[in-house]
Each structure stands twice: as structure tokens, then as C-alpha cells.
Amino acid sequence: MKFTRCFTLLASAAALTLAVSAQAREYSVSTVLSDAFPWGQAAQKWADLVAERSEGRITLRVYPNAQLVAGDQTKEFSAMRSGLIDMAVGSTINWSPQVPELNLFSLPFLMKDDKDLDALTQGEAGKLSFSAIESRGIVPLAWGENGFRELSNSVKPLRTPADLAGLKIRVVGSPLFQDTFTALGANPTQMSWSDAKPALTTGAVDGQENPISVFDVARVDQVGQKYLTLWHYMADPLIFAVNQRVWKTLPEEDRELLRQAALDAGKWETELSRGQQAKRLADIRERGVETVELSAEERQAFVEATRSVHEQWAPKIGADLIKAAEAAIAQ
Ligand code: X2X
């Protein structure tokens with residue numbers, strides 16, 4: 001009697017474990033920046049919301065520092081498409097080598113401010129960008145943001161395109177950036193984020209461009225970047241996305257759960273990141289960084305100096321997408 005009860009208990013415990021493990025699933029989520037940065041926090045928020053709303057049934061495990069692609073952030077999209085990575089919260093910059101349409105957001109001085117950025121991501125241009133991603137085997141779910149990218153260097157305050165002449169600038173591994181900085185007369189060098197800080201430390205490069213949050217959290221000023229030009233020349237939104245084959249294995253209710261959690265996490269992170277801007281800038285100045293703000297005429301000089309980049313890249317981005325973006329900004 002005693003033995004039978006014990007056995008029954010054991011058997012039902014085993015059945016329960018089986019039932020749970022049949023349902024419980026874990027997926028990898030790639031990011032470039034860790035949860036010390038808003039970007040990594042966006043991914044973690046997504047994971048937390050999914051864990052909570054699925055009552056622990058679905059685990060999203062976040063792998064930061066582009067470690068799933070050995071630091072080569074421009075391979076993240078391909079790795080997700082091939083199934084090496086299940087999901088990612090990635091930047092339009094890093095995915096644009098495989099999705100040329102995403103270069104839209106990197107066009108210099110296309111967007112002025114958060115309003116313009118929102119007009120793109122939340123409107124027709126955002127929909128067309130998502131279709132471009134979808135057509136390449138990835139299911140995009142929601143937008144987040146890395147932020148407007150500002151220009152720092154170790155040499156002098158930069159106010160005009162002429163000031164950039166000959167400066168060695170680290171740029172991300174997306175060809176458009178090579179063209180933008182070449183048009184400005186600088187000497188751009190492509191490298192991954194993991195190589196950027198060492199290159200700044202040794203003086204192998206004079207400058208770099210990244211959002212204020214990245215400059216602040218990574219303490220880029222501590223590797224000699226004493227001058228920061230607030231030119232807001234472009235912003236890279238983040239995209240929460242899932243490999244299409246993984247997506248197809250999910251029941252409809254889990255898809256909805258993942259999508260809604262991504263939308264909520266993206267909104268949360270965008271607000272968080274924007275809300276921290278002023279304080280971060282004040283802290284950076286406090287640490288001795290000299291900031292340069294451009295007048296309307298000074299900005300215009302940069303606009304004119306980089307116009308050729310728009311002409312060069314418009315055919316790769318696509319006329320419809322550019323038209324939708326320009327219309328959204330004009331409104
Ligand atoms: O590499 C960069 O500069 C970073 C971290 O901002 C991106 O991944 C686009």
C-alpha cells in the first residue's frame with residue numbers, strides 16, 4: 001500500500017515534468033550592447049515580460065556583446081536567418097548589409113529629431129522597412145532605439161565639414177558610413193564595436209560616432225574623446241525580430257504574446273532612453289567633455305557636404321521607401 005502510493009506519486013511527478021518540459025521552451029536573443037545600455041535593457045525587458053506573461057513557459061536568453069557572432073555585429077542578421085540565433089534586438093545599421101532598405105535611417109541629416117524618427121518608424125516607411133526584413137526570412141515585431149548618433153574626437157572641436165579633414169574616424173561596418181565620412185573629407189575606418197574602444201585607446205583612430213547613451217555608459221571620454229559635436233546626423237532604431245522558422249513553430253497565442261511583449265519593451269526602452277538624455281549630457285559635460293552645438297547654418301553646411309550620399313544610396317534603398325520617409329517628415 002505504502003509502496004503503491006509512493007509509486008503513484010513518483011509517476012504523476014514524472015508525468016508533470018514531462019508535460020512542462022514538452023511546453024517549456026528557451027530561445028536565444030542576440031544584442032550588441034549589454035544591459036548596462038538601454039539597448040541591452042530593451043532585450044532584457046522583452047525577456048522579462050515574456051517570462052512573466054507565459055508564466056515561465058517561454059524563456060528568452062539574452063546573449064549580449066554580439067557573442068553569438070564572435071563580435072561581428074554585421075553578421076547578426078545572417079546568423080538569425082540561418083537559425084544559429086533564434087531572435088535578436090538589433091540595430092538597422094548592423095542589419096543593413098543584408099537589408100539595404102534599412103540604410104534609409106543612416107542617410108545623413110534625413111531626420112532632425114525624435115518626431116521625424118517616430119514619423120518614419122510608426123508610419124508607412126516603417127511598414128515598408130518591416131516588409132523588406134520579412135522578405136528576407138525574418139519576422140520583425142517592434143521598434144526600439146539606440147538613439148541619435150553624435151560625433152566625438154580627441155583632437156579638436158568640430159564645427160564645419162572642413163574640421164574633419166584627414167581625421168581618422170571609426171565607423172560601423174556598413175558601407176554607407178564609409179561614404180558619408182569620405183564625403184566629409186575624413187578618413188573613415190570600419191570596425192566592430194568590440195574593436196572600437198581599443199582603437200580609441202591606442203589612438204589608432206581619432207574619433208567615433210555613437211548615441212549619447214553609448215558614449216556615457218561606455219565612458220568613451222575616458223579614452224581621450226574630449227570633444228563631442230551634437231550634430232544629430234542620423235539615428236539607428238532597434239528592431240525586435242524572430243527567425244521565420246522559429247516563428248512558424250509557435251502557436252498563434254505565443255506569437256501574439258511575443259509580439260505584444262516586444263511592442264511594450266520597445267516603447268518602454270524608447271521612453272527610458274529619451275528621458276535619460278539630458279542627464280547623460282550634463283554628466284558628460286561635468287566629466288570635462290567639450291560639446292559643440294551647430295547653428296542652423298552650420299548644420300546646413302554638413303547637409304550640403306553629404307548630399308551626394310543620398311544620391312548614391314537612393315537606388316539601393318528604393319524610391320518608394322524614400323518617398324514615404326520624406327512625406328512622413330514633411331507632414
Ligand atoms: O557599433 C556601434 O557603434 C553600435 C554599438 O552603436 C552599433 O552596434 C550600431
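About the criteria used
Residues numbered from 1 in each chain as written. Predicted model: local features only at pLDDT ≥ 70, side-chain atom pairs only at ≥ 80, totals over all residues. Heavy atoms only, no water. UniProt positions renumbered as here; feature names shortened; annotations may be inferred. Helix = DSSP H or I, 4+ residues; strand = E, 2+ residues; numbered from the N terminus. Rg over C-alpha atoms; globule rule 2.2 N^0.38 Å. Contact = heavy atoms within 4.5 Å. Lys, Arg positive; Asp, Glu negative; His and termini not counted. Charge placed at Lys NZ, Arg CZ, Asp CG, Glu CD. Near = heavy atom within 4 Å. Polar contact = N/O pair within 3.5 Å; in protein donor to acceptor, adjacent residues only side chain to side chain. Areas by Shrake-Rupley, 256 points an atom, 1.4 Å probe, with all protein chains shown as cover. Nonpolar A, V, L, I, M, F, W, Y, C, P; charged D, E, K, R; others polar. Buried < 20%, exposed > 50% of the residue type's maximum accessible area, 1.4 Å probe, protein only. Phe/Tyr/Trp six-rings, centres within 6.5 Å; stacked < 30°, edge-to-face > 60°. Lys NZ or Arg CZ within 6 Å of the ring centre and 35° of its normal. Salt bridge = Lys/Arg side-chain N within 4 Å of Asp/Glu carboxyl O. Pairing = 2+ DSSP bridges.

The name that an unreviewed UniProt entry assigns to the protein chain is C4-dicarboxylate ABC transporter, with the source organism given as Pseudomonas marincola. Of the protein chain, the UniProt comment under Sequence similarities (unreviewed entry) reads exactly: "Belongs to the bacterial solute-binding protein 7 family."

For the protein chain, the helix and strand inventory stands at 14 helices and 10 strands. Against the globule reference of 20 Å for 331 residues, the protein chain gives a C-alpha radius of gyration of 22 Å, in line with a compact fold. Projected onto the principal axes, the alpha-carbon positions of the protein chain cover approximately 90 × 45 × 30 Å. In the protein chain, the share of contacts with a sequence separation of at least 24, taken over all contacts with a separation of at least 6, comes to 75%. Of the charged side chains in the protein chain, 35 are positive and 42 negative; the average position of the first set lies 5 Å away from that of the second.

For the rest of this paragraph, the subject is the site of the ligand. Not every one of the 13 residues close to the ligand is listed here, only the nearest: Gln73, Asn94, Arg149, Arg170 and Asn210. Note that an oxygen atom of the ligand is positioned 2.9 Å from one of the side-chain N or O atoms of asparagine 94. Burial of the ligand by the protein chains amounts to 100% of its free accessible area of 270 Å². Its residues placed into classes, the shell around the ligand shows five nonpolar, five polar and three charged.

Further remarks concern unusual backbone geometry. Although it is not a glycine, alanine 66 sits at a positive phi angle of roughly 50°. Among the secondary structure elements, alanine 66 is positioned in the loop between strand 2 (58-63) and helix 3 (76-82). Accessibility expressed as a relative area gives 1% for alanine 66, which makes it buried. In the Ramachandran plot, histidine 232 falls in the positive-phi region, its phi being about 45° despite a non-glycine side chain. Secondary-structure assignment places histidine 232 in the loop between strand 8 (227-230) and strand 9 (235-243).

Tallied over the full model, the rule gives 11 aromatic pairs. When the centroid spacing of 5.9 Å and the interplanar angle of 80° are considered together, the rings of phenylalanine 181 and tyrosine 233 count as edge-to-face. Linking phenylalanine 181 in helix 7 (residues 175-183) with tyrosine 233 in the loop between strand 8 and strand 9, this pair joins segments that are 52 residues apart in sequence. Assessed through its relative accessible area of 0%, phenylalanine 181 is described here as buried. Geometry around tryptophan 268 places lysine 45 over its ring, the cationic atom sitting 4.7 Å from the centre. Above the plane of the ring of tryptophan 313 lies lysine 316, whose end atom (NZ or CZ) is 4.0 Å from the centre.

Looking at the secondary structure, you find threonine 291 in strand 10 (residues 290-293). Among the polar contacts listed, one links the side chain of threonine 291 to the side chain of arginine 285, at a separation of 2.8 Å. Residue contacts for threonine 291: discarding those within four places in its chain leaves Leu228, Leu230, Leu281 and Arg285.

Let us look at the pattern of salt bridges. Tallying each qualifying case throughout the model produces 22 salt bridges. In this structure, aspartate 216 engages arginine 219 in a salt bridge whose closest nitrogen and oxygen atoms are separated by 3.2 Å. What makes aspartate 216 buried here is its relative accessible area of 5%. The exposure class assigned to arginine 219 is partly exposed, which follows from its relative accessible area of 33%. It is possible to trace a salt-bridge network through shared partners that takes in Asp216, Arg219, Asp221, Arg280 and Arg287.

With respect to burial, strand 3 (residues 87-91) is a largely interior element, five of its five residues being buried. Every second residue of strand 3 is oriented toward a common face, with Met87, Val89 and Ser91 on one face and Ala88 and Gly90 on the other, all of them buried. Bridge count between strand 1 (residues 25-30) and strand 3: two bridges; the pairing is parallel. The residue bridging valine 29 from the neighbouring strand is methionine 87, located in strand 3. Relative to strand 9, strand 3 is paired through five bridges, and the arrangement is antiparallel. Residue pairing in the sheet places alanine 88 in a bridge with alanine 241 of strand 9.

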